[in-house]
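# Observations on the three-dimensional arrangement
Each chain, written out:
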Amino acid sequence: MLAVQNLEVVYDDVVLALRGVSLGVPDGRIVALLGANGGGKSTLLRSLSGLLGVHDGEIRKGSVTLDGDRVGHLGPSALARRGIKHVLEGRRVFKELSAEENLRVGAYADRRNLKANLERVYGLFPVLRDRRDGQAGLLSGGEQQMLAIGRALMSDPRYLLLDEPSLGLAPKIVEQIRDIVVEINGQGTGILLVEQNATMALEVAHHGYVLENGRVVMDRPAAELREDADVREFYLGLGAEGEAASSFRNVKHYRRRKRWAS
Ligand SMILES: Nc1ncnc2c1ncn2[C@@H]1O[C@H](COP(=O)(O)OP(=O)(O)O)[C@@H](O)[C@H]1O
Ligand SMILES: [Mg+2]
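A brief structural summary. Just so we're clear, the structure is a prediction, and the values are computed from it rather than from any experiment. (Residues numbered from 1 in each chain as written. Chains lettered and ligands numbered in written order. Predicted model: local features only at pLDDT ≥ 70, side-chain atom pairs only at ≥ 80, totals over all residues. Heavy atoms only, no water.)

### With respect to the overall build of the chain
Along its length, the chain carries twelve helices and ten strands. Projected onto its principal axes, the C-alpha coordinates of the chain cover approximately 60 × 40 × 30 Å. Counting the 262 residues in the chain, one finds 49% classified as buried. A fraction of 67% describes how many contacts in the chain between residues 6 or more apart in sequence connect residues 24 or more apart. Charged side chains of the chain number 36 positive and 34 negative; the gap between the two group centres comes to 2 Å. (Helix = DSSP H or I, 4+ residues; strand = E, 2+ residues; numbered from the N terminus. Buried < 20%, exposed > 50% of the residue type's maximum accessible area, 1.4 Å probe, protein only. Contact = heavy atoms within 4.5 Å. Lys, Arg positive; Asp, Glu negative; His and termini not counted. Charge placed at Lys NZ, Arg CZ, Asp CG, Glu CD.)

As structure tokens, this is what we get:
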């Protein structure tokens, strides 16, 4: 289990981004992390992958644990060796390198299973096999996202942290990414999925958390979140029905906001 307990994170010594967050990703499960912009989702992923330092962030209180061991002081390569891989927001690939070179970079720490991992990635993303020699910068947005995920898989991680993998992609590609997340998970990898697209995330997740202003305001099985009125309204866009209801929308909004914030 990869987890954080009462985690408090500060940037530049002043910006309090996480205010006592507790969350767990059990082995082999998909956990969705939802919430509006600025809620602290990326910060939480950075805390788990050792990338806070790069952003002048630090853990002030609480802990990050892997199977109960405290790992919050470890850097990104030590955590990667322990099986935690973070796919950053914005589908970062090495644009000048070929697709396959990008994948090989992902295996830098351990090249023993390079061939098997390459085959696994090409099995998940046949389009990357077709484009293996093409320059990564010339791939479509969806293909670059697949390449970024594929690169992380080259070290056969135990946990994959995905930061908004569907952002800016066409609905059809989002469906492909969703199916791939399920398939990767089916091969045994635990996944923490940060998404603005709550519909997509809750379709595949076992459990979900909602972060607001650096705090967990919901922590429930994904099936329950899908049915929750607040989640439906705020995140799934399935709220008020018809004219009459929508005239009360602002009032309702306010009441719910207040309840969540308290
Ligand atoms: N590198 C940074 N330096 C200073 N503040 C940051 C930095 N990154 C994020 N923050 C702040 O931390 C809070 C949480 O941001 P973030 O984790 O990016 O949220 P999310 O991913 O949910 O949109 C926000 O108030 C944001 O402005
Ligand atoms: Mg973010």
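Further notes follow.
### Regarding the side chain of Ser 63
Positionally, Ser 63 belongs in strand β4 (residues 57-66). Looking at Ser 63, its side chain comes within polar contact range of the side chain of Gln 5, at 2.7 Å. Beyond its immediate sequence surroundings of up to four residues, Ser 63 is in contact with Ala 3, Val 4, Gln 5, Leu 7 and Arg 70. (Polar contact = N/O pair within 3.5 Å; in protein donor to acceptor, adjacent residues only side chain to side chain.)

### Looking at the environment of Val 15
Secondary-structure assignment places Val 15 in strand β2 (residues 15-25). With 42 residues separating them in the primary sequence, Val 15 and Gly 57 have C-alpha atoms 8.8 Å apart. When near neighbours in sequence (up to four residues on either side) are disregarded, Val 15 contacts Val 9 and Val 10.

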